[in-house]
Amino acid sequence: NNINRKDNFNKSIFLLSIFFSTASVFLVFISLFYREDVLQITKVLFLTLSILSLIYLVFCMNNFNFIRLRVLFVPYFFFLFLISHVVNYFSYEGILQNQMLFDNSLLSFHIISSLLSYTLLTLSVLTSASVYLLEKNLKMDYSKKLNLIQVFPSIYESEKITINLLYLTEFFLFIALTTGFIYSTYESSYLDFLLNNKSILSMLTFFLILILLINKFLFGMSGKKIFNFVLTSFLFINIAYFGLKFM
């Protein structure tokens, strides 16, 4: 509860907790990786959570503002951890593996860049949510203000972090779309990529974030509008990467 810049002990304990959590989830992923009775979506979920935790740990070590946003990040990680275990619980034996993970170098590069874009967009959702909550809290009466939000970084810092994360998201999403297109031309045809639901939703996400960044640069945007744009993008990419696999 009481972590600040000068309190190195509490900060170290927090960082060690994130490190061991990341390592534990990665070990779970390794234990499931070679099993043929586990759904690929389960493996991807645990790998995603590992990458997400690792990126968060690195950002926390370099920027204290990410530690200040722990009130949003830690519950979300716990929620994703529970979802991963629920999906794993409902995995069943005798699943036909059409494509093993990382059995092709180009496909591996596509998977990693896709997961990086997803995790960075996830971080963007949480940081933009902090901007929205801070702006909303400012408009409330003093008696109704939420004290918990006071630990967040300033609106300026949170918005700056969100925009930088979105730039990184666009970069990795562009790489993911490019490698996906190249892989599809090798395996089948470029039309399979262009007409694929996952590709269409990913491209919609890319252009939606691009519109947000251009709008923000030229005209400026409120925290609520940024949050709505990022949340919509996050919804699209979740349907593309995970939702379609359950349908």
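You'll find the structure just up there.
Quick notes on the rules
Residues numbered from 1 in each chain as written. Predicted model: local features only at pLDDT ≥ 70, side-chain atom pairs only at ≥ 80, totals over all residues. Heavy atoms only, no water. Helix = DSSP H or I, 4+ residues; strand = E, 2+ residues; numbered from the N terminus. Buried < 20%, exposed > 50% of the residue type's maximum accessible area, 1.4 Å probe, protein only. Contact = heavy atoms within 4.5 Å. 1 Å grid on protein atoms, 1.4 Å probe; cavity = no way out; pocket = protein on both sides within 12 Å on 5 of 7 lines; lining within 4 Å. Points joined across faces, edges and corners; volume = space filled by probe spheres on them. Nonpolar A, V, L, I, M, F, W, Y, C, P; charged D, E, K, R; others polar. Expected span 1.5 Å × (residues − 1). Arc of directions from axis to C-beta. Phe/Tyr/Trp six-rings, centres within 6.5 Å; stacked < 30°, edge-to-face > 60°. Core = buried A, V, L, I, M, F, W, Y, C linked by side-chain atoms within 4.5 Å.

**Some details on the overall build of the protein chain**
In terms of helices and strands, the protein chain carries nine helices and zero strands. Across the 247 residues of the protein chain, 45% fall into the buried class. Counting only contacts in the protein chain whose residues sit at least 6 apart along the sequence, the fraction spanning at least 24 positions is 79%.

**Considering empty space enclosed by the protein**
In this structure the tally under the stated criterion is one cavity of 30 Å³ or more. Quantified by volume, the largest cavity comes out at close to 30 Å³. Lining of the largest cavity is provided by S128, V131, E159, T162, G223 and I226. Broken down by secondary-structure element, the contributors of at least two residues to the lining of the largest cavity are α5 (105-139), α6 (155-187) and α9 (223-246).

**Some remarks on the layout of surface pockets**
A volume near 270 Å³ is recorded for the second largest pocket. Lining the second largest pocket, in full, are F14, S17, I18, S21, T22, V25, L49, S53, V74, F77, F78 and F81. Here the lining of the second largest pocket gets six residues from one element, more than from any other, and that element is helix α1 (residues 8-33). Partitioning the lining of the second largest pocket into residue classes produces eight nonpolar, four polar and no charged.

**Quick word on helix α4 (residues 70-89)**
Two residues of an α-helix separated by three or four positions point the same way, owing to the 3.6 residues in each turn. When the terminal C-alpha atoms of α4 are compared, their 28 Å separation across 20 residues agrees well with the 28 Å that a helix rising 1.5 Å per residue should span. Of the residues making up α4, those classed as buried are R70, L72, F73, Y76, F77, L80, S84 and V87. Looking straight down α4, one finds its buried side chains confined to an arc of 155°; they lie on one side. In α4, the exposed residues that point more than 90 degrees away from the buried face are F78 and Y89.

**What about the packing of aromatic side chains?**
Tallying each qualifying case throughout the model produces 15 aromatic pairs. Taken together, a centroid distance of 6.3 Å and an interplanar angle of 40° make the contact between F66 and F73 tilted. Among the residues examined, F66 registers a relative accessible area of 5% and is labelled buried. Their ring planes at 40° and their centres at 6.3 Å tell us that F174 and F206 sit as a pair that is tilted. Of the two residues, F174 sits in helix α6 while F206 sits in helix α8 (residues 197-218), which places them 32 residues apart along the sequence.

**Here we look at α8**
Here α8 contains 22 residues, and its C-alpha end-to-end distance of 32 Å stays within 8% of the 32 Å for a straight helix at 1.5 Å per residue. Looking at α8, one finds that the buried residues are S199, L201, S202, T205, F206, L208, I209, L212 and L213.

**Quick notes on the nonpolar core**
Core analysis: the largest hydrophobic core is formed by 66 residues, its most contacted members being F14, Y56, F73, Y76, L166 and L212. Of all the elements in the fold, those that place two or more residues in this core are α1, α2 (40-62), α3 (64-68), α4, α5, α6, α8 and α9. Not counting the four nearest positions on each side in its chain, Y76 is found in contact with L52, Y118, T122, L126 and F234.

Fair warning: the whole summary comes from geometry, so function is off the table for now.
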